[in-house]
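Here is how the chains run, residue by residue.
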Amino acid sequence: MQSTHGQFTKLRRPVPPSASVYALAMLTRQPVYSAPVPRFHIESRVVDASLLVADRASGERFQVYTPRFVSQFRAGHRAGLWYVRRTTDVEITPRSPGFATARDAVEALRAGSWSLSAPSRERRRGSYRVYWS
């Protein structure tokens, strides 16, 4: 671009803030192709004190809950234990073994041993009684 005196002048670009310059320099040295995201997302407690857990890999949602209704106790739930079920399940019967804490139930979800059909360590360690007739 020519000025009024016949000399060429350079166009100046606006200077980005220093944090942006640092971030851009870091990304040019070590580009990020994917960010690690945890598989399970535990949402905050809902009104009935249960936890909602989202499995990002399968797209399923689970509920970690403790029984509150008489019908749940009649169906086989035990007081003071935490259970896991899919949010799409509508039946009252327990879908998982009872866990002592909500943390144990979430850990069973991570390990994949939360279902009654999956073998759990508690059932394998259990004692057996033999009745002779």
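Everything discussed here concerns the structure shown above.
Colleague: Pulling in residues and values, what's your account of the sheet that holds strand β4 (residues 83-86)?
Modeller: Strand order in the open sheet formed by four strands is β1-β2-β3-β4, with antiparallel pairing between adjacent strands. Edge positions in the sheet fall to β1 (40-42) and β4, since each of these pairs with one other strand and no more. Averaged over all adjacent pairs, the angle separating strand axes in this sheet is 25 degrees, with direction ignored. When strand β3 (residues 61-65) meets β4, the two strands line up antiparallel, connected through four bridges.

Colleague: Just give me the short version of the environment of His-41, but keep the residues and values in it.
Modeller: Relative to the helices and strands, His-41 is located in strand β1. Distance in space between the C-alpha atoms of His-41 and Arg-56 is 7.4 Å, their sequence separation being 15 residues. When neighbours within four sequence positions are excluded, His-41 is seen to be in contact with Leu-52, Val-53, Ala-54 and Arg-56.

Colleague: How would you explain the environment of Arg-110 if you had to name every residue and give the values?
Modeller: By the element assignment, Arg-110 lies in helix α3 (residues 102-111). For Arg-110, a relative accessible area of 44% corresponds to the partly exposed category. Taking the C-alpha atoms as reference, Arg-110 lies 9.2 Å from Asp-55; in sequence the two are 55 residues apart. Non-local contacts of Arg-110, meaning those with residues more than four positions away in its chain, are made with Phe-40 and Ile-42. Among the polar contacts made by the side chain of Arg-110, one reaches the side chain of Glu-107 at a distance of 2.8 Å.

Colleague: Before we move on, could you go through the pattern of salt bridges and cite the residues and values that matter?
Modeller: Under the criterion given, the structure shown has six salt bridges. Put simply, Glu-60 and Arg-86 hold a salt bridge, and the shortest N to O gap is 2.7 Å. Linking Glu-60 in the loop between β2 (51-55) and β3 with Arg-86 in strand β4, this pair joins segments that are 26 residues apart in sequence. The exposure class assigned to Glu-60 is partly exposed, which follows from its relative accessible area of 28%. Overall, the relative accessible area of 31% leaves Arg-86 in the partly exposed class. Glu-107 is the salt-bridge partner of Arg-110, the closest N and O atoms lying 2.8 Å from each other. In this pair, Arg-110 and Glu-107 are both assigned in helix α3, three residues apart and thus about one turn of the helix distant. Shared partners join several salt bridges into a network, and the residues in it are Asp-89, Glu-91 and Arg-95.

Colleague: With reference to specific residues and values, describe the layout of surface pockets.
Modeller: If you roll a probe as big as a water molecule over the atoms, it shows you where there is empty space left. Taken as a whole, the largest pocket holds about 220 Å³ of empty space. The wall of the largest pocket is formed by 14 residues, among which Gln-63, Tyr-65, Phe-69, Gln-72 and Arg-85 lie closest to the centre. Those elements giving two or more residues to the lining of the largest pocket turn out to be β3 and α2 (70-75). Grouping the constituent residues of the lining of the largest pocket by class yields four nonpolar, five polar and five charged.

Calculation notes
Residues numbered from 1 in each chain as written. Predicted model: local features only at pLDDT ≥ 70, side-chain atom pairs only at ≥ 80, totals over all residues. Heavy atoms only, no water. Pairing = 2+ DSSP bridges. Helix = DSSP H or I, 4+ residues; strand = E, 2+ residues; numbered from the N terminus. Axes fitted to C-alpha atoms, helices over the stretch in contact; angles between N-to-C directions. Contact = heavy atoms within 4.5 Å. Buried < 20%, exposed > 50% of the residue type's maximum accessible area, 1.4 Å probe, protein only. Polar contact = N/O pair within 3.5 Å; in protein donor to acceptor, adjacent residues only side chain to side chain. Salt bridge = Lys/Arg side-chain N within 4 Å of Asp/Glu carboxyl O. 1 Å grid on protein atoms, 1.4 Å probe; cavity = no way out; pocket = protein on both sides within 12 Å on 5 of 7 lines; lining within 4 Å. Points joined across faces, edges and corners; volume = space filled by probe spheres on them. Nonpolar A, V, L, I, M, F, W, Y, C, P; charged D, E, K, R; others polar.

The values reported here are purely geometric and, on their own, carry no functional implication.
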